[in-house]
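An overview of the molecular structure
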Amino acid sequence: MEAIQSADTAFVIISAALVLLMTPGLAIFYAGMVRSKNVLGTIIQSFILISVITIEWIYLGYTMSFGPDVHGFIGDLSWFALNGVGQGPSSVYAGTIPHMVFMIFQCMFAVITPALITGAFAERMRFGPFILFSLLWAVMVYNPVCHWVWGSGGWLARLGVLDFAGGLVVHLTCGMAALASALVIGARKGYGTDPLIPHNLPLTLMGTGLLWFGWFGFNGGSALAANGLAGSAFVATHLGGMAGLAAWVITEWLYRGKPTTLGAASGAIAGLATITPASGFVGPNAAVIIGGLGGLCCYFAVSAKAKLGYDDSLDVVGIHGVGGLIGTLCIGIFASRLVNPAGANGLLYGGPQLLLNQLIGVFSVGIYAFVVSWVLLRIIDKTLCLRVSEESENLGLDLAEHSETAYSS
Amino acid sequence: MKKIEAIIKPHKLEEVKEELNEIGVSGMTVTEVKGYGRQKGHKEIYRGAEYQVDFMPKIKIEIVLEKGQVNQAVEAIIKAARTGKIGDGKIFILPVEEVVRIRTGEQGEEAI
């Protein structure tokens, strides 16, 4: 067992705090894009998960995700209620920081992932069924996938699938759940006929800033030590966001004639999501390419939504799903052991096997997350009904579900 | 007594107020409103998708005047609010039965 390093510990503690900030950041990022009658209903769907998922995480989630392996599929329950998770280092994860610090850093990832899904069913989901769905989704989708990819003994980890900070575990799972949600719950009233447009884009831009800031902890902190790799991941993260922002704005300028603020925000998030899995395996030049690809592909993915006819209200599929998928595959092309000796070489560095591994990762996680999310949503819809009444939808979630309004008039 | 309701472009409010002040109209009520007439709305683009927004933001000015002042006031509003393009707005003139000043209870033209 290694000794605890104070610099590593301080860095990961601060990174955990940065990742926590992303959830309220996401709440206002989403809130700006909905109509003024659904602002609080949207914010609370992210914010409440800090409570719901944290409690799930300490009693069940952490041990299911990272506990001693059972057949590569799930962790056993020996770390139930953080039993044995203390101030000393874990024998398997991040040997230079307290086990408890690793646990709370991972907790913040578990919190934000179901919060990301809420963008897909924004403005029409009932609060109670939403809480139940998020809780069951964490247990049945997030925890197993987290174990497969990041857990010691997880089958995808053993296969050699790489995901530095959550392209598969966070972005692809939430993107697939978002697709299932949009299909099961159906389009918002007035979708395609009424202008369902953002009520406060400055709020969305503030959220983008908070997310970008937090993302340095998300990706940089995933090095789990204050070292060169953390610095490299930090730089790749910034370059990914930068390139995504530029690519989206240039693309819409060419196609639609105007550069937009929401486009800049969306491109930055697309670039950041896309670089996430690759941030600790690729160098700065590859990060620029990956972020740029993210901005470009997510722009077209979001544009395709209208033609496909489903109402993923705030584009979780087009940005997080597609971004996570592209970033995960890009590892298979651009990864280099010169950046991270614990990683592998991609296609450009003479390692064709890695791309195949990444494809297996994308297909298995994508299909599993979609199918389980869809089944969960259908069961909850049949028993409790996911959707608010037409009257409540007209009135808005703020009043109908929470008896308060965001803006007095 | 007459009431003038004028719908104007929002950026013309200050000029209209100045013109009305010059002819001695010393008070008005202003509301931010939305609407459309011959000027159809505009296009907005969010994440690559175009939305037609029909209702344009406008300002509604309400003033109550003695009958003799009305023509002058209408001219002042036109002078200040006209740009010559579609969407400059409209002026409505309505009869007013009675006016009461709440503080003193004065009635009629005294109360304007």
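Since this is a predicted model, take the numbers as computed values, not measurements.

**So, the overall build of chain A**
- The helix and strand tally for chain A stands at 14 helices and two strands.
- The C-alpha extent of chain A, read off along each of the three principal axes, is 60 × 50 × 35 Å.
- Burial analysis of chain A (409 residues in total) assigns 59% to the buried set.
- Of the contacts made within chain A by residues no fewer than 6 positions apart, 75% connect residues no fewer than 24 positions apart.

**Points about the overall build of chain B**
- Each helix and strand counted, chain B has two helices and six strands in total.
- In chain B, the order of α-helices and β-strands from amino to carboxyl end is β-α-β-β-β-β-α-β.
- Scaling as 2.2 N^0.38, a compact globule of 112 residues should have a C-alpha radius of gyration of about 13 Å, whereas chain B reaches 17 Å, well beyond that.
- Overall, chain B is about 60 × 30 × 20 Å in size when its C-alpha atoms are taken along their principal axes.
- Expressed as a percentage of its 112 residues, the buried residues of chain B come to 34%.
- A total accessible area of about 7300 Å² is found for chain B, and carbon and sulfur atoms account for 48% of it.

**Some points on a nonpolar patch on the surface**
Residue and element names in this part refer to chain A.
- On the surface, a cluster of nonpolar side chains totalling about 960 Å² of accessible area is made up of Leu159, Leu183, Leu356, Leu359, Ile360, Phe363, Ile367, Val371, Trp374, Val375 and Ile379.
- Here the nonpolar patch gets nine residues from one element, more than from any other, and that element is helix H12 (residues 352-384).
- Here Val371 falls in the partly exposed class, since its relative accessible area comes to 43%.

**Considerations on the interface of chain A and chain B**
- The partner chain B presents nine residues to the 18 residues of chain A that form the contact.
- Between chain A and chain B, a total of about 1100 Å² is buried, with carbon and sulfur atoms accounting for 60% of that surface.
- Asp315(A) is the partner of Arg47(B) in a salt bridge, and the nearest nitrogen-oxygen pair spans 3.2 Å.
- Between chain A and chain B we count five residue pairs in polar contact (both at pLDDT 80 or more) in total.
- Listed by contribution, the elements that provide at least two residues to the side of chain A that touches chain B are helix H8 (228-256), helix H9 (261-275) and helix H10 (284-308) of chain A.
- Per-element tally for the side of chain A that touches chain B: the top contributor is H10(A), with three residues.

**Brief notes about the sheet that holds strand S2 (residues 29-35) of chain B**
All names here are of chain B.
- Pairing is antiparallel in the open sheet, where four strands are placed in the order S2-S5-S1-S6. Lying at the two open borders of the sheet, with one neighbouring strand each, are S2 and strand S6 (89-95). Geometrically, the sheet is characterised by an average inter-axis angle of 20° between neighbouring strands, direction not taken into account.
- The pairing of strand S1 (residues 2-8) with S6 spans seven bridges and is classified as antiparallel. Along S6, the bridge assignment pairs Lys2 with Pro95.
- Its contacts with the sheet place helix H1 (residues 13-22) against S1, S2 and strand S5 (56-65), and it is angled at close to 15° to S5.
- Across the sheet, helix H2 (residues 70-81) touches S1, S5 and S6, and the angle it forms with S1 is around 10°.

**Observations concerning the packing of aromatic side chains**
All names here are of chain A.
- Scanning the model with the defined rule gives 28 aromatic pairs over all chains in all.
- Arranged with centres 5.5 Å apart and planes meeting at 90°, the rings of Trp248 and Tyr299 form a pair that is edge-to-face. Residue Trp248 is located in helix H8, and its partner Tyr299 is located in helix H10; the two are separated by 51 residues in the primary sequence. Each member of the pair, Trp248 together with Tyr299, is buried.
- Through successive ring pairs, a cluster of aromatic residues spans Trp57, Tyr62, Phe66, Trp79, Tyr93, Phe102 and Tyr142.

**Examining the side chain of Ser65(A)**
Residues and elements named next belong to chain A.
- Among the secondary structure elements, Ser65 is positioned in helix H2 (residues 39-66).
- Side chain to side chain, Ser65 and Asn143 meet in a polar contact 3.4 Å long.
- Apart from residues lying up to four places away in sequence, Ser65 is in contact with Trp57, Asn143, Cys146, His147 and Gly151.

**Here we look at the pairing of strand S4 (residues 49-53) of chain B**
Residues and elements named next belong to chain B.
- Of the pairings in the sheet, the one linking strand S3 (residues 42-46) to S4 comprises five bridges and is antiparallel in character. Its bridge partner lying in S4, His42 is registered against Val53.
- Where S3 folds back on S4, the antiparallel hairpin that results is connected by two residues, among which Arg47 adopts a positive phi of roughly 50°.

**Description of the pattern of salt bridges**
All names here are of chain A.
- For the structure shown, the criterion picks out 16 salt bridges over all chains.
- As a salt-bridge pair, Glu123 and Arg35 come within 3.2 Å of each other at their nearest N and O atoms. With Glu123 in the loop between helix H3 (99-117) and helix H4 (127-150) and Arg35 in the loop between helix H1 (6-31) and H2, this residue pair connects regions lying 88 residues apart in the sequence.
- What makes Glu123 buried here is its relative accessible area of 2%.

**Digging into the packing of H9(A) against H10(A)**
All names here are of chain A.
- For the pair H9 and H10, the least separation of the axes is 8 Å and the interaxial angle reads 125°. Accordingly, the angle class assigned to the pair H9 and H10 is oblique. The chirality of how H9 crosses H10 is right-handed. Facing Ala270, Gly271, Thr274 and Ile275 of H9, the residues of H10 in contact are Ala287, Ile290, Gly291, Gly294, Gly295 and Cys298.
- Among the residues making up the contact of H9 with H10, the classes are represented as five nonpolar, five polar and no charged.

**Thoughts on the environment of Ala76(B)**
Residues and elements named next belong to chain B.
- Within the secondary structure layout, Ala76 lies in helix H2.
- In this structure Ala76 comes out as buried when scored by relative accessible area, which is 5%.
- Measuring from C-alpha to C-alpha, the distance between Ala76 and Leu65 comes to 13 Å, with eleven residues separating the pair along the chain.
- Every residue in contact with Ala76, bar those within four places of it in the chain, is listed here: Glu19, Leu20 and Ile23.

Rules used in this analysis
Residues numbered from 1 in each chain as written. Chains lettered and ligands numbered in written order. Predicted model: local features only at pLDDT ≥ 70, side-chain atom pairs only at ≥ 80, totals over all residues. Heavy atoms only, no water. Helix = DSSP H or I, 4+ residues; strand = E, 2+ residues; numbered from the N terminus. Buried < 20%, exposed > 50% of the residue type's maximum accessible area, 1.4 Å probe, protein only. Contact = heavy atoms within 4.5 Å. Rg over C-alpha atoms; globule rule 2.2 N^0.38 Å. Areas by Shrake-Rupley, 256 points an atom, 1.4 Å probe, with all protein chains shown as cover. Patch = residues over 30% accessible without salt bridge, like charges linked within 9 Å, V, L, I, M, F, W, Y side chains within 5 Å. Salt bridge = Lys/Arg side-chain N within 4 Å of Asp/Glu carboxyl O. Buried area = accessible area lost by both parts, 1.4 Å probe. Polar contact = N/O pair within 3.5 Å; in protein donor to acceptor, adjacent residues only side chain to side chain. Pairing = 2+ DSSP bridges. Axes fitted to C-alpha atoms, helices over the stretch in contact; angles between N-to-C directions. Phe/Tyr/Trp six-rings, centres within 6.5 Å; stacked < 30°, edge-to-face > 60°. Parallel < 35°, antiparallel > 145°, perpendicular 65-115°, else oblique. Left-handed = near helix turned anticlockwise from the far one by under 90°. Nonpolar A, V, L, I, M, F, W, Y, C, P; charged D, E, K, R; others polar.

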